Amino acid sequence: MLRNGYDADFADRCFSQIEGFADYGFPESHAAAFAMLVYVSAWLKCHHPAVFACALLNSQPMGFYAPAQIVRDARDHQIEIRPVCINHSVWDNTLERRPDGALALRLGFRQIKGFKEEDATWIVAARGNGYRNPQSLWLRAGVAPAGLERLAEADAFADTGLARREALWQVRAIRGQIDGEGIREPEAELPPMHLGEEVVEDYVSMRLSLRAHPMELLRPGMPGLTACAGLQTALLGRISVCGLVITRQRPGTASGVIFLTLEDETGVAKVIVWPKVDERFRRMVIGGRLLRVTGYLQREGIVVHLIAQEVEDMSHRL
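What this report covers is the structure whose coordinates are included nearby. (Residues numbered from 1 in each chain as written. Predicted model: local features only at pLDDT ≥ 70, side-chain atom pairs only at ≥ 80, totals over all residues. Heavy atoms only, no water.)

## Examining unusual backbone geometry
Residue Gln60 is joined to Pro61 through a cis peptide bond whose omega torsion reads 0°. Here Pro61 shows up in the loop between helix 3 (49-58) and helix 4 (67-76). Of note, the phi angle at Gln78 is positive, near 65°, even though the residue is not glycine. Within the element layout of this structure, Gln78 appears in the loop between helix 4 and strand 1 (81-82). Despite not being glycine, Arg207 shows a phi value in the positive range, around 65°. Counting through the fold element by element, Arg207 comes out in the loop between helix 9 (195-206) and helix 10 (214-218). (Helix = DSSP H or I, 4+ residues; strand = E, 2+ residues; numbered from the N terminus.)

Set out below in structure tokens:
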């Protein structure tokens with residue numbers, strides 16, 4: 001600095017600031033702290049995958065991995081995922097011991113969109129030997145019809161032998177009693193929901209489904225697609241993938257580049273959308289829930305990205 005014309009006092013003060021930062025700054029201690037977090041997380045995920053998945057779900061919202069991704073990854077690692085149930089679930093996701101000694105992950109009431117923790121507390125407190133139907137839950141736990149509807153929409157009454165539509169039908173009857181109609185609903189033969197309807201309702205109520213992935217049902221009618229898991233081995237060139245949008249990121253340091261993560265029934269695909277492409281397909285990139293992206297593969301080692309050239313919103317197919 002002296003050779004470059006700076007005075008000694010200024011040089012000393014600059015050096016002191018750099019020296020002080022070096023004791024706690026990014027290069028050493030920050031990296032060490034992250035390395036410890038990575039090591040502990042990797043060890044837990046390797047040796048106790050059910051515990052790890054359960055803890056991640058209970059820590060939501062975290063901003064990066066969606067619940068559906070965490071659940072799919074756990075199932076890929078042979079973890080049994082059990083649905084939300086009025087007779088077994090509590091507010092948080094929990095672990096249940098299987099007959100073979102392994103742990104299963106029971107989804108908690110917190111996974112139901114819009115459901116209140118207070119209602120979950122009352123359900124657990126008044127559960128006793130279990131609930132037989134929405135009526136018994138209403139009378140004993142005092143859950144309001146709005147909460148009962150959310151439980152029915154999440155198929156939480158399946159343990160009582162009620163399908164989703166049957167449970168909703170009974171909840172609507174309870175709402176009628178509260179409104180003073182006093183009408184006793186006759187037994188109704190409701191048409192069973194097909195798999196596609198069940199999957200959609202699962203995603204609407206809980207943002208995940210244990211039945212199937214939407215792309216598993218849509219793929220036969222959408223020819224010319226490469227599965228997300230197939231990107232690792234696909235030949236370099238122009239290809240198309242289609243999946244649910246799991247994350248959208250636009251880091252301030254990325255000069256306007258948008259990073260998308262798409263998920264189908266086989267895995268996830270990382271998509272890079274350059275600013276010029278974003279300008280052309282802005283509405284689809286920002287608003288689409290199910291996107292078909294066509295572009296070119298970019299592969300570096302085991303890291304594979306799809307460089308988007310065209311983006312099509314397929315959300316209507318859901």
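## Side note on the pairing of strand 5 (residues 258-263)
Counting buried residues along strand 5, 5 of its 6 residues qualify, which places the element largely inside the surrounding structure. In this structure, strand 4 (residues 238-249) lies alongside strand 5, joined through 5 bridges in antiparallel fashion. Pairing of Thr247 across the sheet is with Thr261, part of strand 5. From the end of strand 5 to the start of strand 6 (residues 268-273), which pair antiparallel, there are 4 residues. (Buried < 20%, exposed > 50% of the residue type's maximum accessible area, 1.4 Å probe, protein only. Pairing = 2+ DSSP bridges.)

## Notes on a nonpolar patch on the surface
On the surface, Met36, Tyr39, Val40 and Trp43 cluster together to form a nonpolar patch covering roughly 440 Å² of accessible area. The topology assignment puts Tyr39 in helix 2 (residues 26-47). Residue Tyr39 is classed as exposed on the basis of its relative accessible area of 55%. (Patch = residues over 30% accessible without salt bridge, like charges linked within 9 Å, V, L, I, M, F, W, Y side chains within 5 Å. Areas by Shrake-Rupley, 256 points an atom, 1.4 Å probe, with all protein chains shown as cover. Salt bridge = Lys/Arg side-chain N within 4 Å of Asp/Glu carboxyl O.)

## Here we look at helix 4
If you check which residues of helix 4 are buried, you get Pro67, Ala68, Gln69, Ile70, Val71 and Ala74. If you follow the buried residues of helix 4, they end up packed against helix 3, strand 1, strand 4, strand 5 and strand 6. Residue Gln78 follows helix 4 closely and has a positive phi angle near 65°. (Contact = heavy atoms within 4.5 Å.)

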